[in-house]
Amino acid sequence: MVKHDAEAFHFPEQYDPLPELTDEVDRLWHEGRNKSALDVVLRSLRTEGRSAQAFGWALMLLRSGMRRTPDLGVVEPVTQEQIGNPYFAPVATECARCTKFWYSAHAQENFENLVLSNPIGLQCQVCRYSLCRNCLDSRNRNCPNEGCLGELGAPVLPTGRPLGKPANPYTEKLEHVLILWRSTPTSQDEAEELLDLACTWQERDGITVRSQVNQSDERDGEEAERRMGLVLAGLYERHGMISEDGLLQRTRVVPIQSPGRGHRLVFVTAAPETGVASQLSGPVTYLLFDEPDTDDEDRPPRKRRWFRRGR
Ligand SMILES: [Zn+2]
Ligand SMILES: [Zn+2]
């Protein structure tokens, strides 16, 4: 029998508080700035990794964002992008049939005292197989998971999103990310989102994120695009912007269809095990157009100069 919560975050009974995080989030939350509050939580998860405190705040804020009736005290509601962010997947519950997901109130609360009316879904109390309201068979509460004798009911705990947003299997520290775009250039916000999608939980301290227009002909297909991206990464390596040593083995290509922004190819290069690049620290540097890399601060920044495709 397969357990269905292997990708979930399991809240411990007691955990160390993160007072700095709580101060900032609590202040924003009281100002009704739930979106900003959730951004602070996201930053903590990205840089400090999983913590019960951060996930606790995330659940509260995400649940406020999923309510049908908007709260008038909220000036900055949580966004759909935030609700779907893979960093929050470990505290989501996913329907095993249709992949709809939600953030359950039972995850942290004392559910023995919780009266359940009109639940979003139910969950097997043995293996955590979950079904949303639409996929439930109201006459049959037996767990559909093969070999499981449990019954669907409550509490409904997190399962992660193994079908819709499976956990990133890569764990290496990162060195460099290259984004190839078409039609709409990549903004910093989007670049952060793409990193969240392609490299969830990977350490991104001190890395450089570049974006360039995809110059390969769309008709040549994705294989040609991949080749072009790897050639570019090779050029960066030759110019000393990515460390030498097994670049191709360290680089993987993640195609992402970015809603409203078109097709992106993300080239994620992991840091080698030793050397300078394995020790990177500090904030992420975003170089999102084809400016020359320069440390010369006296020179005025160049204007945006998008690559044009030669004929
Ligand atoms: Zn469903
Ligand atoms: Zn079950």
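One structure accompanies this document, and this report is about it. What you are looking at is a predicted structure, and each value in this text was computed from that prediction instead of being measured.

1. With respect to the sheet that holds strand E5 (residues 152–153)
The sheet built from 3 strands is open, its strands ordered E4-E3-E5 with antiparallel pairing. Pairing within the sheet leaves two strands with one partner each, and these edge strands are strand E4 (130–132) and E5.

2. A short note on the packing of aromatic side chains
Any two aromatic rings considered together are summarised by their centre-to-centre distance and by the angle between their planes. Inspection of the entire model under this criterion finds 6 aromatic pairs. A centroid spacing of 4.7 Å and a plane angle of 50° characterise the contact between Phe9 and Phe55, whose relative ring orientation is tilted. Highlighted residues: Phe9 in the segment before helix H1 (19–30) and Phe55 in helix H3 (residues 52–66), separated in sequence by 46 residues. Comparing Phe9 with Phe55 shows no difference in burial state: the two are buried. These aromatic residues form a ring-pair network of at least three members: Phe9, Phe11, Phe55, Tyr87 and Trp201. One Lys or Arg, Arg50, reaches over the ring of Trp201 and ends 4.2 Å from the middle of that ring. Its end group placed over the ring of Tyr170, Arg252 keeps NZ or CZ at 3.9 Å from the ring centre.

3. A short note on the environment of Ser44
Examined against the element boundaries, Ser44 turns out to sit in helix H2 (residues 34–48). Using a relative accessible area of 9% as the deciding quantity, one classes Ser44 as buried. Sequence separation between Ser44 and Ala54 is 10 residues; the distance between their C-alpha atoms is 7.0 Å. Discounting chain neighbours no more than four positions away, the residues touching Ser44 are Leu18, Leu21, Gly49 and Ala54.

How each quantity is defined
- Residues numbered from 1 in each chain as written.
- Chains lettered and ligands numbered in written order.
- Predicted model: local features only at pLDDT ≥ 70, side-chain atom pairs only at ≥ 80, totals over all residues.
- Heavy atoms only, no water.
- Pairing = 2+ DSSP bridges.
- Helix = DSSP H or I, 4+ residues; strand = E, 2+ residues; numbered from the N terminus.
- Phe/Tyr/Trp six-rings, centres within 6.5 Å; stacked < 30°, edge-to-face > 60°.
- Buried < 20%, exposed > 50% of the residue type's maximum accessible area, 1.4 Å probe, protein only.
- Lys NZ or Arg CZ within 6 Å of the ring centre and 35° of its normal.
- Contact = heavy atoms within 4.5 Å.

Treat this as a map of the structure, not an account of what it does.
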